[in-house]
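Structural description and commentary
Take a look at the letters that make up each chain.
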Amino acid sequence: TNILVDSSNGALIENNLSRDDLDDGIEFVNSSNVTLSRNTFSNSGDDAIDLESSDSVTISNNTIGGSTDNGIFINSSASAVISGNTISDSGDDGIDLESSDNASIQNNTITNAAETGIELSTSADATVDDNSIDGGDFGIFAGALDNAVIQNNIITNIVLSGIEIVDSNGVT
């Protein structure tokens, strides 16, 4: 991991370049009130941005390209805002949200994710709005998602499904 933010409150990470690392470009663990903005991540060996067990994190206006796994991975976290990011050529998903609640995913541009542009699973109260997704097997995939809004997204050049919702409740 090039940048590690562990058990921190109020960190601001901006205007950095992370490239050609063997693991995550940046990893947040057990942190809160963190802002990650205007950074560039290139050719990460795992996820470009990995957010684990953290709350109230803003990830905005970053450029991400060529991550081996996900562009942005969020797990067991709450109140994440992911906006204005440009993500290309991810080996798995552009944005992957798992077991996380109250997330806002808006105004991101995702191209050529190998699997899914935006994947949401086992989460609640998410908003996915005004994203542009081009390429991949799925544009947006939602599984075991509760009370979410998916709207105003532009999805093109998808192999299987533009939007697929499975085992979910209250998704509009």
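Details of the structure are given in the entry above.
Since we're looking at a predicted model, the values are computed, not measured.

**Notes on the sheet that holds strand S3 (residues 17–19)**
Pairing is parallel in the open sheet, where 7 strands are placed in the order S3-S6-S9-S12-S15-S18-S20. Looking at the sheet topology across the chains shown, the edges are occupied by S3 and strand S20 (154–156). Taking each pair of neighbouring strands and ignoring which way they run, the sheet shows an average axis angle of 5°. Bridge count for strand S6 (residues 40–42) against strand S9 (residues 63–65) is 3 bridges, and the pairing is parallel. Considered in S9, the bridge of Phe-41 is made with Ile-64.

**Considering the pattern of salt bridges**
Going through the model one piece at a time under the given rule, you end up with 1 salt bridge. Residues Arg-38 and Glu-14 are paired through a salt bridge, measuring 2.7 Å at the closest nitrogen-oxygen approach. Of this pair, Arg-38 sits in the loop between strand S5 (32–37) and S6 while Glu-14 sits in strand S2 (residues 12–14), and the two are 24 residues apart along the sequence.

**Things to note about the pairing of strand S4 (residues 26–29)**
Moving residue by residue along a regular strand, the side chains alternate between the two faces of the sheet. Side chains Ile-26 and Phe-28 project from S4 onto one buried face, and the interleaved Glu-27 and Val-29 project onto a second face that is buried too. Bridge analysis of strand S1 (residues 3–6) against S4 gives 4 bridges, and the strand direction is parallel. Opposite Leu-4, over in S4, you have Glu-27 as the bridge partner. Direction of pairing for S4 relative to strand S7 (residues 49–52): parallel, over a ladder of 4 bridges. Its bridge partner lying in S7, Ile-26 is registered against Ile-49.

**Structural notes on the environment of Gly-162**
With respect to the helices, strands and loops of the structure, Gly-162 is situated in strand S21 (residues 161–166). Along the backbone, Gly-162 and Ile-140 are 22 residues apart, and their C-alpha atoms lie at a distance of 6.2 Å. In contact with Gly-162, not counting residues within four places along its chain, are Phe-138, Gly-139, Ile-140 and Ile-155.

**Some remarks on the nonpolar core**
As a rule of thumb, soluble globular proteins bury nonpolar side chains together. Core analysis: the largest hydrophobic core is formed by 36 residues, its most contacted members being Ile-26, Ile-49, Ile-72, Ile-118 and Leu-120. The greatest single-element share of this core, amounting to 5 residues, is contributed by strand S19 (residues 138–151). If near-sequence neighbours (up to four positions away) are discounted, Ile-118 is found in contact with Ile-95, Ile-105, Ile-110, Val-128, Asn-131, Ile-133, Gly-139, Ile-140 and Phe-141.

**Observations concerning unusual backbone geometry**
For Asn-33, which is not glycine, the phi dihedral falls at a positive 55°. Examined against the element boundaries, Asn-33 turns out to sit in strand S5. A positive phi angle, near 55°, is found at Asp-89, a position not held by glycine. Note on placement: Asp-89 falls in the loop between strand S12 (86–88) and strand S13 (93–98).

**What about the environment of Ser-54?**
If you trace the backbone, Ser-54 turns up in the loop between S7 and strand S8 (55–60). With 45 residues separating them along the chain, Ser-54 and Asn-9 place their C-alpha atoms 9.8 Å apart. If we ignore the near neighbours within four places in the chain, the residues touching Ser-54 are Phe-28, Val-29, Asn-30, Ser-31, Ser-76, Ser-77 and Ala-78. Of the polar contacts made by the side chain of Ser-54, one reaches the backbone oxygen of Glu-52; its length is 3.0 Å.

Conventions and cut-offs
- Residues numbered from 1 in each chain as written.
- Predicted model: local features only at pLDDT ≥ 70, side-chain atom pairs only at ≥ 80, totals over all residues.
- Heavy atoms only, no water.
- Pairing = 2+ DSSP bridges.
- Helix = DSSP H or I, 4+ residues; strand = E, 2+ residues; numbered from the N terminus.
- Axes fitted to C-alpha atoms, helices over the stretch in contact; angles between N-to-C directions.
- Salt bridge = Lys/Arg side-chain N within 4 Å of Asp/Glu carboxyl O.
- Buried < 20%, exposed > 50% of the residue type's maximum accessible area, 1.4 Å probe, protein only.
- Contact = heavy atoms within 4.5 Å.
- Core = buried A, V, L, I, M, F, W, Y, C linked by side-chain atoms within 4.5 Å.
- Polar contact = N/O pair within 3.5 Å; in protein donor to acceptor, adjacent residues only side chain to side chain.

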